[in-house]
Structures are given as structure tokens and as C-alpha cells.
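Geometric and topological summary
Each chain, written out:
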Amino acid sequence: MPTRWEHFEHQADIGVRGYGPTVEDAFEAAATALTAVIVAPEQVATPLRVEVTARSADRELLLAAWLNAIIFEMATRRALFSRFSVRITADGTGDRLYGVLEGEAVDVARHQPAVEIKGATYTALKVVQVDGGWIAQCVVDV
Amino acid sequence: MDLNRLTRQSEFEWHIPMQGAMRVPGVLFADAELLAGMDDKVFEQVVGVACLPGIVTASYAMPDAHWGYGFPIGGVAAFDPDAGGVVSAGGVGFDISCGVRTLTTGMTASQLRPILPKLAESLFRTVPAGLGSTGRLHLNADRMEAMLSGGASWAVGEGYGTPADLAHTEEHGHMHGADPSAVSPQAKRRQQDEMGTLGSGNHYLEVQEVTEIADPEAAAAFGLRVGDAVLSIHCGSRGLGHQIGTEFLKAMVEQAAAHGLTLPDRELACAPLASELGRRYLGAMRAGINCALANRQIITHLARQAFMHVVPDAVLNVLYDVSHNTCKLETHAVNGKTKKLFVHRKGATRAFGPGHPDVPPAFSAVGQPVLIGGTMGTASWVLAGTGRGMEVAFGSACHGAGRTMSRHQAKKKWQGRKVVDDLGARGILIRSPSLRGVAEEAPGAYKNVDRVVAASHNAGLARKVARLTPMACIKG
């Protein structure tokens with residue numbers, strides 16, 4: 001399964017979905033879909049590098065935690081990110097995520113950001129293994 | 001939504017009979033056409049809320065209801081703390097205390113029209129809007145604490161507005177019971193530079209003309225006449241509220257089993273009102289309400305400055321400030337008994353009727369002003385709370401038009417520049433940092449606000465007072 005992202009319909013908000021051969025790839029693609037809610041990812045350069053961590057009881061909650069970690073960094077650094085890498089490890093208490101975000105400060109005139117994202121919700125939240133890969137998705141509140 | 005699944009009580013009230021794990025029935029206020037246009041998810045979410053512990057009387061959907069997360073947007077539900085009731089972060093939403101504040105200007109639309117481009121530009125330059133914008137105010141730890149405790153009262157104390165503003169603000173601008181220590185450092189960090197900012201999405205600052213008066217007595221009490229110009233502000237608790245919602249939603253899911261809660265769906269994450277988590281959420285959520293009240297108060301001050309530069313004769317007085325994403329402890333009559341209940345309104349406006357002690361004295365004879373935000377191309381409405389609304393929906397009404405089309409579809413269908421030009425040709429000025437944002441908020445992406453308001457009026461939830469049409473809109 002090639003790594004790719006897409007949006008899916010939600011009446012008030014918007015769904016983000018990532019596909020990939022590994023769960024990490026799907027998480028990274030879902031993060032790209034998150035950025036694409038705001039701006040075309042290819043318009044975002046990558047001079048800025050930020051590390052984030054998250055942990056949760058299961059993979060689905062971990063996806064929401066990962067996206068919320070990105071939303072927090074976007075909000076507090078007033079930045080957009082377009083390149084992501086994820087490493088997930090599991091222990092007896094749940095899953096841990098270490099992620100790297102690469103992006104740049106928002107330039108309103110150039111990026112024309114469509115909307116601010118408030119948070120990742122548990123609506124349509126799924127992390128599932130399918131033939132040849134993984135799908136990671138949820139609705140984000142804008 | 002399939003109307004065959006509903007029981008028709010009247011043209012504007014439809015019920016979902018008790019079934020499965022429902023503890024109370026579902027009640028939807030809308031006409032058949034609005035209901036037919038609602039997503040089936042609204043039905044599922046009204047049913048899901050009806051299954052929560054301690055819910056009282058019914059799980060309600062307002063005429064603008066649409067698919068939310070856990071609770072429908074346009075959902076109302078009251079919980080009894082003495083009957084194992086719960087509080088839900090999803091039942092309040094991420095934008096805690098998002099709401100509308102409307103100000104009279106002392107000017108007519110005809111007086112403003114010749115200088116409207118200058119006024120729109122002045123408002124756009126003065127009130128920060130859109131992603132990445134920051135306010136002029138930086139809150140250190142002490143001032144953050146004071147803001148979270150004091151709300152709009154704190155802002156007035158800092159010089160942003162006057163005490164008269166507070167008299168026409170819900171809770172007098174100060175939500176009691178806030179607990180700043182329950183708000184995480186991350187939430188505070190997200191807010192420290194965002195005071196006095198509008199945000200983005202459906203948030204706006206709009207100059208409007210009163211074009212229709214439906215209830216002359218209430219309109220007179222509210223200070224509205226046909227031809228008057230007013231200013232409306234729609235925004236909420238910004239990053240702080242979003243972060244509180246995010247963190248408590250997660251905690252409520254993770255601790256549900258420990259609280260003995262079996263949830264039909266984890267989107268319905270909640271905590272017993274009597275639990276430590278429930279108490280902490282209430283304290284944090286009330287601090288979020290204060291943040292929203294302070295934010296709209298500071299924007300009011302900035303809007304006055306913007307007006308002063310262009311229209312020195314304008315006098316901006318707060319008509320009212322009302323929130324539509326809250327959970328509040330209120331007293332209601334249930335089966336002839338007086339009960340204290342925690343009423344969740346998620347995308348629903350409080351609409352207390354005449355004589356209610358929480359309605360400001362100036363409006364006591366006619367009921368609370370209920371401010372309904374529309375779209376930048378159609379209309380907004382001022383309604384008044386009713387006695388019947390108190391009886392049938394815990395004093396609640398709709399909050400806006402409600403989307404009928406997703407952002408994704410809207411972006412495909414419209415171009416921002418064309419939306420701005422088309423509205424400009426109709427005399428409506430749009431100022432926004434993002435044309436893509438304008439496209440996603442195109443008026444055609446929303447339901448007909450007049451129809452939503454008519455359903456609220458005809459169901460008796462609130463009655464029509466005045467219709468407001470847009471003249472200039474600042475979008476984030």
C-alpha cells in the first residue's frame with residue numbers, strides 16, 4: 001500500500017485519513033492530511049524542526065494524541081509543518097510515540113491559511129490494519 | 001434523516017421513542033424539511049446522549065442540529081447530580097463558551113454606508129483575525145490566573161470597556177466556580193498571546209443593519225429600530241478552550257471504566273459530576289468560559305477604538321453577550337419539582353424567558369436576548385427567550401444556521417475571490433486574511449437561517465425580535 005493521504009466528509013468539520021505500509025507511515029500521512037486542512041503541504045518549507053512525544057492506552061487514542069501534539073505546536077509556535085516522521089513503541093501500559101515535525105513559521109500572505117484547527121476528535125477515529133498496510137483517520141474540529 | 005423513525009408531536013416537535021439503552025426519549029425541534037436534511041448521525045447522537053447516566057427529561061436537538069462529536073451540534077441535555085449525573089467534555093465542545101455579542105452603535109446604516117470601506121478596514125486592522133494572529137496583550141502567570149478567575153470583569157478592570165458592559169453579559173461577565181489550577185500549563189501557554197483575537201473558521205466581526213422588526217416591544221427593550229447599525233462578534237475561548245477540551249476528552253475516555261461508565265461510544269466520554277475528574281473539568285471549563293467572556297470584552301474595546309477612528313460619533317453599547325457551548329448549573333422545574341441541573345448546550349443558546357432572575361432587569365419583561373449568528377451573505381437574528389422554552393427545552397434555542405455542506409465540498413464549489421466579489425456587488429464588504437477561508441465559509445454552505453429561526457419561533461423555544469443583514473464582515 002503506497003503512503004498517501006486524503007480528507008473525508010464531515011458536515012461541520014473535516015476528516016483526515018492516512019494510508020501506509022506501516023502504522024507509522026499511516027500516522028505520518030494523517031499528519032500531512034492535517035496540514036492540508038490549512039494549506040497545501042507543498043507550500044510549507046522545512047527550516048524548523050520540532051520533536052514531540054505522546055502516549056496512550058491504545059493505537060487509536062495515540063493517533064488523536066499525535067495529531068493533538070502537532071496542533072499544539074502549530075498553535076504555540078505559529079507554525080505549519082509539512083514533513084513528519086514517527087516511531088511507535090509498545091510496553092505493558094500502552095503505546096508510546098516519538099515524532100519529528102519539520103516546517104516553518106506561518107506567513108499569512110503566502111500560505112493563505114484556510115482555518116485554525118481546534119483539536120483532533122474521537123469521531124470516526126480508526127487505526128486499522130488492512131491488506132498490505134494501515135489506515136489511520138479521525139475527524140478534526142475546525 | 002428518515003422521518004419514519006420519528007414520532008410527530010407537532011409540525012415543529014418530533015420525538016425518538018425510548019429504545020435500547022435510552023434512559024429518556026429524544027426530542028427534535030424542527031420542521032420536516034430541516035429534519036429531512038439532517039444527517040442520520042444526528043439521530044444516532046441524540047440517542048447516544050439519551051443513554052448517559054443521570055440525564056433528565058429528554059435528549060434534545062435544536063432546529064440547526066448537525067453531526068457533532070458525541071453530542072450533536074445543536075444538542076441540549078441536562079443531568080441531575082443527585083441521580084448519578086455526568087458532565088461531558090464533548091457535550092460542551094472544544095470551543096468552550098463560543099458565543100455572540102451584539103453591540104448597538106447609535107448610528108443608522110445609512111450614516112455608516114458612505115464610510116463603510118474605511119470602517120471595515122479599520123476593524124480589520126484593529127482586531128487580530130485568522131491563523132497565527134496574536135493579540136497585543138501578553139499574559140504572564142499572574143494575569144493569566146486573574147483572567148481565568150475574573151472573565152470580562154477582569155478585562156474591564158484592566159481598562160477594556162466599562163462596568164455597563166458587564167450588566168448586559170451572561171453571568172455579569174464573571175463565571176463563578178472557575179478553577180485556574182485545573183487548567184494545564186499547556187492550555188495557558190496556548191492562550192498567553194491570544195487574548196483579543198477573533199480566531200478563524202465561522203468566527204467573525206460583522207457590521208449589520210436591522211432590516212426587520214418582528215416584536216416591537218422586545219425590540220424597544222433591546223434598543224433596536226429598523227435602519228439601525230449594530231456590530232456583532234462571534235468567537236470563543238481560543239486556544240485555551242481548545243486545549244482544555246482536548247485534554248479532558250482524553251482523560252474522560254481513559255477513566256470511564258474506572259468510573260463504572262459503559263459508554264455506547266467513546267465520543268460520549270464523560271465523568272460523574274461527583275468524581276474528582278468531573279469536578280476538575282467543571283473548574284477548568286468555567287475558567288474557559290471566563291476566557292471567552294474576557295476575549296469578547298477585549299474585542300469590544302478594540303472595536304470601539306476602530307469605530308472611533310472612522311466614526312467618532314458612534315457609541316457602542318453592549319446589547320447582550322450569550323454563549324452557545326457551555327455546561328451550567330441551573331434551576332429548572334421537572335415534573336413539578338424544582339431541581340438543580342447541569343445543562344449542557346453544545347451549539348445551542350440559552351434562552352431564558354421573561355421574569356427569570358438571571359435575565360438583566362432591562363429585559364425582564366420580554367425575556368433574554370438570544371443572538372443567532374447567520375452567514376456573511378444572508379442574515380443573523382435577535383430572538384427573545386420564552387416561558388414555553390423554559391418548559392420544553394430547559395430554556396434553550398438554536399445558535400446559528402448550521403452547515404449543510406462540508407468545508408471540503410465548499411472549497412471545491414466556490415472560489416474565495418468570487419465569493420468576495422459577489423458579496424461586494426450586493427454591498428457587503430468582506431475583509432479576511434485568507435481567500436481559501438472565505439470560500440469554505442461561503443453562504444451557500446449553510447442552511448437557510450430564516451428557516452432555522454422560524455422553526456425555533458414556531459416551536460416556542462424563542463420568539464423573533466429582529467432580523468439583521470450583513471454590511472461588512474471581518475473573517476478570520
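Our subject is the structure listed above.
This report concerns the structure included in the present document. Every chain begins its residue count from 1, and numbering advances along the sequence as written. Labels follow written order: the first chain is A, the first ligand is 1, and so on. Restriction of local features to residues with pLDDT of at least 70 applies here, the model being predicted, together with a cutoff of 80 or more for giving and counting side-chain atom pairs; totals for whole chains, interfaces and linings are based on all residues. Excluding hydrogens and water, the side-chain values take into account all heavy atoms of the structure.

Remarks on the overall build of chain A
Using the following cut-off: Runs of E in the DSSP output that reach at least two residues are strands. Runs of H or I that reach at least four are helices, and both are numbered from the N terminus. Per-residue accessibility, obtained with a 1.4 Å probe over protein chains only, is compared with the maximum for each type, and a residue is labelled buried under 20%, exposed over 50%, and partly exposed between these values. Should any heavy atoms of two residues lie within 4.5 Å, those residues are counted as being in contact. Here the open area of atoms and residues is found with the Shrake-Rupley method and a 1.4 Å probe, where only the protein chains shown may cover a residue.
Within chain A, the regular secondary structure consists of three helices and eight strands. Taken from N to C terminus, the helices and strands of chain A fall in the order β-β-α-β-α-β-β-α-β-β-β. When the backbone C-alpha atoms are referred to their principal axes, chain A occupies close to 45 × 30 × 25 Å. Counting over 142 residues, chain A shows a buried share of 65%. In chain A, 65% of the contacts between residues at least 6 apart in sequence involve partners at least 24 apart. Split by element, the accessible area of chain A, about 5,100 Å² in all, is 49% carbon and sulfur.

Considering the interface of chain A and chain B
Put simply, the rule reads: Buried area, as used here, totals the accessible surface that two parts lose on assembly, with accessibility defined by a 1.4 Å probe and the loss added over both. Whenever a carboxyl oxygen of Asp or Glu lies within 4 Å of a side-chain nitrogen of Lys or Arg, that contact is scored as a salt bridge.
On the chain B side, the residues contacting the 43 residues of chain A number 46 residues. Counting the surface lost from both chain A and chain B, the interface buries some 3,800 Å², and carbon and sulfur atoms represent 55% of this. On inspection of chain A and its partner chain B, the count reaches five salt bridges. One salt bridge connects Arg238(B) with Glu116(A), and the closest N-O pair in it is separated by 3.0 Å.

Considerations on the sheet that holds strand E2 (residues 13-16) of chain B
Residues and elements named next belong to chain B. The criterion, for reference: For two strands to be treated as a pair, DSSP must find no fewer than two bridges joining them. Angles shown run from 0 to 180 degrees and are taken between the N-to-C directions of axes, each axis being a line fitted to C-alpha atoms and, for helices, limited to the stretch in contact.
Strand order in this open sheet of seven strands is E1-E2-E3-E4-E5-E13-E12, and the pairing throughout is mixed. The open sheet terminates on both sides in strands that have one partner only, identified here as strand E1 (7-10) and strand E12 (325-334). For this sheet, the mean inter-axis angle between neighbouring strands, taken without regard to orientation, is 25°. In the sheet, E12 pairs with strand E13 (residues 337-346) via ten bridges, with the strands oriented antiparallel. The residue bridging cysteine 327 from the neighbouring strand is histidine 344, located in E13. This element, helix H2 (residues 40-50), spans E2, strand E3 (26-29), strand E4 (55-69) and strand E5 (71-79) of the sheet and lies at about 155° to E4.

Re the pairing of strand E1 (residues 4-9) of chain A
All names here are of chain A. Where E1 meets strand E2 (residues 14-20), six bridges bridge the pair, whose relative direction is antiparallel. In the sheet register, arginine 4 faces E2, and the bridge partner there is tyrosine 19. Linking two consecutive strands that pair antiparallel, namely E1 and E2, is a turn of four residues.

Here we look at the side chain of Gln208(B)
All names here are of chain B. Rules: Two N or O atoms count as a polar contact when they lie within 3.5 Å, although within protein this holds only if one can serve as hydrogen donor and the other as acceptor, and sequence-adjacent residues are included solely when both atoms are side-chain atoms.
One can find glutamine 208 in strand E8 (residues 204-213). Polar side-chain contacts of glutamine 208 include one of 2.9 Å to the side chain of glutamate 206. Among residues more than four places away in sequence, those in contact with glutamine 208 are Asp228, Ala229, Val230, Ser232, Ser380, Leu468, Thr469, Pro470 and Met471.

A look at the pattern of salt bridges
Residues and elements named next belong to chain B. Here the structure, examined in full by the defined rule, presents 45 salt bridges over all chains. Residue arginine 451 pairs with glutamate 33 through a salt bridge whose shortest N-O separation is 3.2 Å. With arginine 451 in helix H15 (residues 449-459) and glutamate 33 in helix H1 (residues 32-37), this residue pair connects regions lying 418 residues apart in the sequence. Across the salt bridge formed by aspartate 421 and arginine 417, the nearest N and O atoms sit 3.3 Å from each other. In this pair, aspartate 421 and arginine 417 are both assigned in helix H13 (residues 416-425), four residues apart and thus about one turn of the helix distant.

A word on the pairing of strand E8 (residues 133-141) of chain A
All names here are of chain A. Within E8, nine of the nine residues are buried, which leaves it mostly tucked inside the rest of the structure. Along E8, one buried face is formed by Gly133, Ile135, Gln137, Val139 and Asp141 and the opposite face, lined by Trp134, Ala136, Cys138 and Val140, is buried too. Alignment of E2 against E8, held across seven bridges, turns out to be antiparallel. Its bridge partner lying in E8, isoleucine 14 is registered against valine 140. For strand E6 (residues 119-120) and E8, the ladder comprises two bridges, and the chain directions are antiparallel.

As for empty space enclosed by the protein
Under the convention used in this document: Grid spacing is 1 Å over the protein atoms alone, the probe is 1.4 Å, and a cavity is where that probe fits but cannot get out, while a pocket is an open set with protein on both sides within 12 Å along at least five of seven lines and lining residues have an atom within 4 Å of a point. Grid points are joined across faces, edges and corners, and a volume is the space filled by probe spheres set on the points. When residue character is reported, Ala, Val, Leu, Ile, Met, Phe, Trp, Tyr, Cys and Pro are called nonpolar, Asp, Glu, Lys and Arg charged, and the others, Gly included, polar.
Under the counting rule described, the total for this entry stands at five cavities of 30 Å³ or more. The computed volume of the largest cavity comes to approximately 490 Å³. Along the walls of the largest cavity sit 34 residues, with His66(B), Asn202(B), His234(B), His399(B) and Tyr446(B) positioned nearest its centre. For the lining of the largest cavity, the class distribution of residues is eleven nonpolar, 13 polar and ten charged. When contributions to the lining of the second largest cavity are tallied by element, the ones reaching two or more residues are helix H2 (59-77) of chain A together with helix H9 (238-255) of chain B. Ranked by the residues each element gives to the lining of the second largest cavity, the list is headed by H2(A), at three residues. For the lining of the second largest cavity, the residue count by class is eight nonpolar, three polar and four charged.

Notes on the packing of helix H1 (residues 23-38) of chain A against H2(A)
Residue and element names in this part refer to chain A. The cut-off we apply is this: Here is the rule for angles: anything less than 35 degrees is roughly parallel, anything more than 145 is roughly antiparallel, 65 through 115 is roughly perpendicular, and the remaining ranges are oblique. If you view the pair so one helix is near and one far, a crossing is left-handed when the near helix is turned anticlockwise from the far one by less than a right angle, and right-handed when it is turned clockwise.
Viewed as axis vectors pointing N to C, H1 and H2 meet at an angle of 40°, and their least axial separation amounts to 11 Å. Relative to H2, the element H1 is oriented oblique. Our pair here, H1 against H2, has a crossing hand that is right-handed. Contacts between H1 and H2 involve Val23, Phe27, Glu28, Ala30, Ala31, Leu34 and Ile38 on the former and, on the latter, Arg59, Leu62, Leu63, Trp66, Leu67, Ile70, Ile71 and Met74.

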